[in-house]
Amino acid sequence: MPGFEYAPAPESRDVVDVRGSYGLYVGGEFVDGGAGSLKTVNPATEEVLAEVAVASADDVDRAVRAARKAYEKTWSRLPGAERAKYLFRIARIVQERARELAVLETLDNGKPIKESRDVDVPLVAAHFFYHAGWADKLEWAGLPGRAPGATPRPHGVVGQVIPWNFPLLMLAWKVAPALATGNTVVLKPAETTPLTALLFAEICEQAGLPPGVVNIVTGAGETGAALVRHPGVDKIAFTGSTDVGRQIAKTLAGTRVKATLELGGKAANIVFDDAALDQAVEGIVNGIFFNQGHVCCAGSRLLVQESVAEEVVTRLQRRLTTLRVGDPMDKNTDVGAVNSRAQLERITELADSGDAEGAHRWTAPCELPDQGFWFAPTVFTDVAPAHRIAREEIFGPVLSVMTFRTPDEALTKANTTPYGLSAGIWTEKGSRILWMADRLRAGVVWANTFNRFDPTSPFGGYKESGYGREGGRHGLAAYVKEA
Ligand code: NDP
């Protein structure tokens with residue numbers, strides 16, 4: 001059947017002014033970093049976008065001191081209603097500058113413009129609006145362990161370390177609740193995606209946020225480690241790999257510093273034979289190919305009931321041949337670039353282990369650009385639970401398909417993982433959804449949908465997926481002291 005041809009629909013990059021170099025944002029000013037600089041590249045073209053300062057341990061110290069000063073002199077003294085005004089202002093500026101933020105995110109990260117425009121940036125604004133609404137009502141938020149009417153106390157200075165898969169959205173998940181509850185922050189964005197955090201610093205200035213309430217220290221892992229071990233930090237909030245989360249937990253063990261860790265996942269997306277199969281196929285595609293599979297809660301393990309397995313895989317492959325892979329700045333693109341060469345190598349190595357261990361690889365037919373970092377949507381069938389591709393987080397557009405016969409078997413296979421971040425269930429039967437949801441060891445369980453996010457809803461994991469929740473009232477609770 002002849003397909004429709006799409007004309008190119010490029011988003012313009014003229015809306016964003018990418019500067020040649022960027023400093024750190026400390027105490028309300030852009031300053032030089034003491035540990036040199038790093039280059040951030042567009043992963044779709046390998047073009048160097050900018051040089052970004054690397055914060056040394058001394059710079060981190062200066063940022064923590066600026067945050068402490070702002071906490072003591074200004075922010076902790078403001079009534080909640082005043083803090084709310086700043087957060088509302090930030091939310092509105094994010095909306096006003098949405099196109100600029102979306103374009104910059106896509107240039108620095110490689111994700112399709114339609115995702116940064118329609119998912120990331122609107123959710124960023126939603127997080128600031130939601131938390132602005134709580135700032136003057138915390139007494140009545142029903143936070144655990146606090147009597148109604150008692151004013152919750154912030155921790156003080158919060159250190160925040162975020163990954164590269166949703167750079168601005170992870171910033172919003174962390175900064176909005178911290179500020180709403182009266183904390184000040186020092187945030188370290190990922191080495192490969194610092195640009196939207198630095199644009200966010202400009203937005204803080206535009207909103208008139210008092211200096212030092214938000215500080216951004218750019219750099220690599222060493223800068224993050226310096227922030228984590230800084231004695232002036234009262235709480236650490238981290239999102240990233242389980243390995244680094246483990247190191248952070250070790251550093252903080254036995255100290256008074258509170259921590260929330262949002263780590264990896266290997267989610268099961270479970271399709272029963274009574275599910276609406278076309279809807280399920282859309283959910284499978286969204287579950288693992290959204291954001292190139294760089295999603296901690298991605299549905300990377302498809303568990304499908306044996307009686308419909310062939311049918312589901314056939315429909316899935318047919319659907320995947322229609323995905324448009326390529327230029328992330330094209331408004332019709334569904335799958336963009338992998339964020340870095342290192343990540344591409346990791347995905348390639350894990351996918352190769354699938355071949356070596358006897359799984360069967362199918363790759364969506366698509367032409368990949370010559371420049372940049374690309375991995376075509378891939379589906380492995382004949383996967384055994386012991387294979388690495390069934391156990392390890394690939395963090396790329398690679399789906400491992402396994403089958404089951406009974407709900408008990410689906411449950412056992414879904415829970416056979418050291419992770420426990422999310423899961424999906426596809427069935428017509430409400431009772432089966434509830435039965436499964438009760439027994440799945442996952443922080444988030446989606447039913448007949450996948451990858452739905454909302455600031456009112458808590459998100460977080462079990463086991464090696466970390467601890468603590470972000471979003472909703474549970475997320476607020478993590479930013480105030482216990483009773
Ligand atoms: P990391 O966990 O290394 O990165 C997350 C953040 O932590 C980054 O800002 C990173 O800095 C920083 N960091 C690195 N080392 C330390 C340290 N010792 N102390 C404090 N902060 C540190 O993830 P990677 O980017 O290296 O990705 C590796 C793998 O992790 C991926 O392949 C994927 O499987 C998984 N991952 C999972 C994520 C999730 O949300 N579950 C998110 C990102 C990755 P910098 O990047 O600048 O070096």
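Here the structure is shown first, and the text comes after it.
Residues numbered from 1 in each chain as written. Predicted model: local features only at pLDDT ≥ 70, side-chain atom pairs only at ≥ 80, totals over all residues. Heavy atoms only, no water.

*Asks:* Please provide a residue-by-residue account of the overall build of the protein chain, values included.
*Replies:* Looking only at helices and strands, the protein chain features 15 helices and 18 strands. For 483 residues, the compact-globule estimate of 2.2 N^0.38 gives 23 Å, and the protein chain sits close to it at 22 Å. For the protein chain, with 483 residues in total, the buried portion stands at 59%. Summed over its atoms, the accessible surface of the protein chain is roughly 19,000 Å², and 51% of this surface lies on carbon and sulfur atoms. Averaging the coordinates of the 52 positive side-chain charges in the protein chain and doing the same for the 58 negative ones gives two points 8 Å apart. (Helix = DSSP H or I, 4+ residues; strand = E, 2+ residues; numbered from the N terminus. Rg over C-alpha atoms; globule rule 2.2 N^0.38 Å. Buried < 20%, exposed > 50% of the residue type's maximum accessible area, 1.4 Å probe, protein only. Areas by Shrake-Rupley, 256 points an atom, 1.4 Å probe, with all protein chains shown as cover. Lys, Arg positive; Asp, Glu negative; His and termini not counted. Charge placed at Lys NZ, Arg CZ, Asp CG, Glu CD.)

*Asks:* Residues and numbers for the sheet that holds strand E1 (residues 21-22), please.
*Replies:* The three strands lie next to each other as E1-E5-E4, forming an open sheet whose pairing is mixed. Strands with a single pairing partner mark the edges of an open sheet, and in this sheet they are E1 and strand E4 (37-41). Sheet topology places E1 next to strand E5 (residues 48-53); two bridges connect them, and they run parallel. The residue of E5 that forms the bridge with Tyr-22 is Val-52. Packing of helix H6 (residues 195-206) onto the sheet brings it into contact with E1, E4 and E5, and relative to E5 it is tilted by some 65 degrees. (Pairing = 2+ DSSP bridges. Contact = heavy atoms within 4.5 Å. Axes fitted to C-alpha atoms, helices over the stretch in contact; angles between N-to-C directions.)

*Asks:* Summarise the pattern of salt bridges; cite the residues concerned and give the values.
*Replies:* Inspection of the entire model under this criterion finds 31 salt bridges. One salt-bridge network, held together by shared partners, links Arg-19, Arg-97, Glu-100 and Glu-202. (Salt bridge = Lys/Arg side-chain N within 4 Å of Asp/Glu carboxyl O.)

*Asks:* Give a detailed account of the nonpolar core, specifying residues and quantitative values.
*Replies:* Formed by 105 residues in total, the largest nonpolar core has its most connected members in Phe-128, Val-214 and Val-271. For this core, the element with the highest residue contribution is helix H5 (residues 167-180), accounting for 11 residues. For Val-271, the residues in contact, after removing those within four places along its chain, are Leu-277, Ala-280, Ile-284, Leu-302, Leu-303, Val-304, Gln-305, Val-312, Phe-404 and Trp-426. By size, the runner-up hydrophobic cluster in this structure holds 29 residues, among which are Leu-350, Ala-351, Phe-380 and Ile-394. (Core = buried A, V, L, I, M, F, W, Y, C linked by side-chain atoms within 4.5 Å.)

*Asks:* How would you explain the site of the ligand if you had to name every residue and give the values?
*Replies:* Taken together, the neighbourhood of the ligand is formed by 27 residues, with Ile-162, Trp-164, Glu-191, Ser-241 and Arg-346 sitting nearest. The backbone of Ala-225 places a nitrogen or oxygen atom 3.4 Å from a nitrogen atom of the ligand. Arg-346 places a polar side-chain atom, nitrogen or oxygen, 2.8 Å from an oxygen atom of the ligand. When contributions to the shell around the ligand are tallied by element, the ones reaching two or more residues are helix H7 (221-228), strand E9 (235-239), helix H8 (242-252) and helix H11 (341-356). Here the element with the most residues in the shell around the ligand is H7; it accounts for three residues. Among the residues making up the shell around the ligand, the classes are represented as 13 nonpolar, 10 polar and four charged. Residue-level mapping places the shell around the ligand at the junction of two domains, with at least three residues from each of domain 1 (21-263 + 462-479) and domain 2 (268-447). (Near = heavy atom within 4 Å. Polar contact = N/O pair within 3.5 Å; in protein donor to acceptor, adjacent residues only side chain to side chain. Nonpolar A, V, L, I, M, F, W, Y, C, P; charged D, E, K, R; others polar. Domains from an automatic or database assignment.)

*Asks:* Quick rundown of the pairing of strand E7 (residues 184-188)? Include the residues and the values.
*Replies:* With respect to burial, E7 is a largely interior element, five of its five residues being buried. Both strand E6 (residues 157-161) and E7 contribute to a ladder of five bridges, which runs parallel. Bridge pairing links Val-157 to Thr-184 in E7. With respect to chirality, the unit in which E6 leads through H5 into the neighbouring parallel E7 is right-handed. For the segment spanning E7, H6 and strand E8 (residues 214-216), crossover handedness is right-handed. (Right-handed = clockwise from strand over helix to strand, strands pointing away.)

*Asks:* Lay out the packing of aromatic side chains in plain terms, naming residues and giving numbers.
*Replies:* Summed over all chains, the structure comprises 12 aromatic pairs. Summarising the aromatic geometry, the rings of Phe-88 and Phe-129 are spaced 6.2 Å apart at their centres and angled 50 degrees between planes, so their arrangement reads as tilted. Of this pair, Phe-88 sits in helix H2 (residues 80-96) while Phe-129 sits in helix H4 (residues 113-134), and the two are 41 residues apart along the sequence. We classify Phe-88 as partly exposed; its relative accessible area is 30%. On the basis of relative accessible area, Phe-129 is assigned to the partly exposed category, the value being 26%. Over the aromatic face of Tyr-462 sits the side chain of Arg-441, whose NZ or CZ is 4.2 Å from the ring centroid. (Phe/Tyr/Trp six-rings, centres within 6.5 Å; stacked < 30°, edge-to-face > 60°. Lys NZ or Arg CZ within 6 Å of the ring centre and 35° of its normal.)

*Asks:* Tell me about the side chain of Thr-239, and please be specific about residues and values.
*Replies:* For Thr-239, the position within the fold is in strand E9. Judged by relative accessible area, Thr-239 falls into the buried class, the value being 5%. With residues near it in sequence (within four places) discarded, Thr-239 still touches Val-161, Ile-162, Pro-163, Met-170, Lys-174, Glu-262 and Glu-470.

*Asks:* How would you explain helix H3 (residues 98-109) if you had to name every residue and give the values?
*Replies:* When the terminal C-alpha atoms of H3 are compared, their 16 Å separation across 12 residues agrees well with the 16 Å that a helix rising 1.5 Å per residue should span. Buried residues dominate H3, accounting for 10 of its 12 residues. Glu-100, Leu-101, Ala-102, Val-103, Leu-104, Glu-105, Thr-106, Leu-107, Asp-108 and Asn-109 are the residues of H3 that are buried. Where H3 is buried, its residues touch E4, E5, H2, H4, H5 and H6. Among the residues trailing H3, Gly-110 stands out with phi positive, at a value near 95 degrees. (Expected span 1.5 Å × (residues − 1).)

*Asks:* Tell me about the side chain of Asn-183, and name the residues and values.
*Replies:* Looking at where Asn-183 falls in the secondary structure, it is placed in the loop between H5 and E7. On the basis of relative accessible area, Asn-183 is assigned to the buried category, the value being 0%. Reaching out from Asn-183, the side chain makes a polar contact with the backbone oxygen of Tyr-479 at a distance of 3.0 Å. Asn-183 has contacts with Tyr-71, Trp-75, Pro-154, His-155, Gly-156, Val-158, Ala-178 and Tyr-479, leaving out every residue within four places of it along the chain.

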